[in-house]
Amino acid sequence: MSVFGFPLRVSPWIFVVLFALGQGAGAAALIAFVVGGVAAIAVHELGHAVAARAAGARDVRIELLAFGGLTTFAPAPDSRLQRIWIAVAGPLTGLVLGLPLLALRFGADLEPGTTTSSVINALLVVTIGWAVLNLLPVLPFDGGHVLVSVLPGREEARTRVAAALSVVIAGAAAWFFWNRDATWSAAVFGFLAATNLITLVASGRNPQAQQSRSYDVLRAVVAGRLDEARAAVGEGRVDPVAAALVQVAEGGGQPAAERLERAAGTRPDPLARSALVVLAVTRRDWDGVGRLGAEGGVPADVLAWAVTVAARSGVPAAGARAGQAALAGTPAPALAHATARAWALAGEPSRAFDAVVYAVALGWDDLAALDVDPALGPVRALPAWPGWRQGVGAAAVHQG
């Protein structure tokens, strides 16, 4: 089934749940609550779907489940404003549907308790009532998703803060309704407070989240963005190696270095190996960089960064030797290219040429950069360069 081009799946349980929730009203009001509720949820999700499609999403799907609706879409927009618009588009449809009913309710001077009045009241609940409820800043309501988008910081940190606020707000709502004998509403908000609390606790212990956060720390340190690295550590649990790495980058001295070495130990994973390379760079231990690279397990971009740091620090020959040694265990085009530049800056154009040839053989495809890179000027002056360059250029054209 589809509606306006969006795949739609309807669970029969939604009718059962709405029928149970509507008990206590007259027959006409119950029918209005069930039929109008399904229609209101469908239109609500359609609002999300249309907004998501307008934001560039292509795989947009709608499901009507037992306790409400769900709209999924991919890819998710990067813009926070677009995410906010997608979130509020659903509740807005409820307000649009309910405003004429609200005008009728108060403009027609209906007698309380009549069938017409009961039907309109039921329809007001599933339109305006549910729209207002969805705008509350509590996850997973739409207002909760708006809260995630407006908070400062990275998405993971924003989600954690939103979950914490959801616990407080939902808990307060549960207490409010409990004291007014609204047991069902108190139970709903109590459940939301509990689920957000579980999410909040689990997010800090999620191994995948920790690993992702730890690699974010590594990338920030390598890029020299220490404020970003500190922020990532402060957002939740990270690998001890990542925490120690930040301390090293901040100038923690020998105690920080020892903590990092203890945390990394003999671990073979890329995070630990990369952290040891960063430590070697801070110590200006270029031979250590080469040895770690030769042993394998270090991402090529980290080794290329280390070689580049050496070249920029006035010791290009040491960086080139480190890169040459590292290539034995990590044969990668980016590392070979960085090594070539270091050899050239060290006044060794022949070795630089060999490294350039190796980089291209490994897959380096930015040939235009080789023609304009000032560091490779002495290499381009070699007699062997024109013929080799013409050959690789022709091969690239042929492959293309």
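Residues numbered from 1 in each chain as written. Predicted model: local features only at pLDDT ≥ 70, side-chain atom pairs only at ≥ 80, totals over all residues. Heavy atoms only, no water.

S.K.: Got a minute to help me understand the overall build of the protein in this structure?
M.R.: In terms of helices and strands, the protein carries 20 helices and 4 strands. Referenced to the eigenvectors of the C-alpha coordinate spread, the extents of the protein come out at roughly 100 × 55 × 30 Å. Looking at the 400 residues of the protein, the share that counts as buried comes to 43%. Within the protein, residue pairs in contact and separated by at least 24 positions form 57% of the contacts whose partners lie at least 6 positions apart. With an accessible surface of roughly 20,100 Å², the protein has 64% of that area assigned to carbon and sulfur atoms. (Helix = DSSP H or I, 4+ residues; strand = E, 2+ residues; numbered from the N terminus. Buried < 20%, exposed > 50% of the residue type's maximum accessible area, 1.4 Å probe, protein only. Contact = heavy atoms within 4.5 Å. Areas by Shrake-Rupley, 256 points an atom, 1.4 Å probe, with all protein chains shown as cover.)

S.K.: What is the right way to look at the pattern of salt bridges in this model?
M.R.: Note that side chains of opposite charge can pair when their charged atoms are close. Scanning the model with the defined rule gives 10 salt bridges in all. The residue Asp373 makes a salt bridge to Arg341 at a minimum N-O spacing of 2.6 Å. Of this pair, Asp373 sits in the loop between α18 (367-372) and α19 (377-380) while Arg341 sits in helix α16 (residues 333-345), and the two are 32 residues apart along the sequence. Among the ionic contacts, a cluster of salt bridges with common partners joins Asp227, Arg230 and Glu250. (Salt bridge = Lys/Arg side-chain N within 4 Å of Asp/Glu carboxyl O.)

S.K.: What exactly am I supposed to notice about helix α11 (residues 253-264) here?
M.R.: Since one α-helical turn is 3.6 residues long, residues separated by three or four positions face the same way. Taking 1.5 Å of rise per residue, 12 residues should cover 16 Å, and α11 covers 17 Å from first to last C-alpha, within 8% of that figure. Every buried residue belonging to α11 is among Ala256, Ala257, Leu260 and Ala264, and all of these are buried. What you see down the axis of α11 is that its buried residues fit within an arc of 100°, all on one side. Contacts from the buried residues of α11 go to α10 (240-249) and α12 (270-282). Looking at the residues trailing α11, positive phi occurs at Gly265, about 50°. (Expected span 1.5 Å × (residues − 1). Arc of directions from axis to C-beta.)

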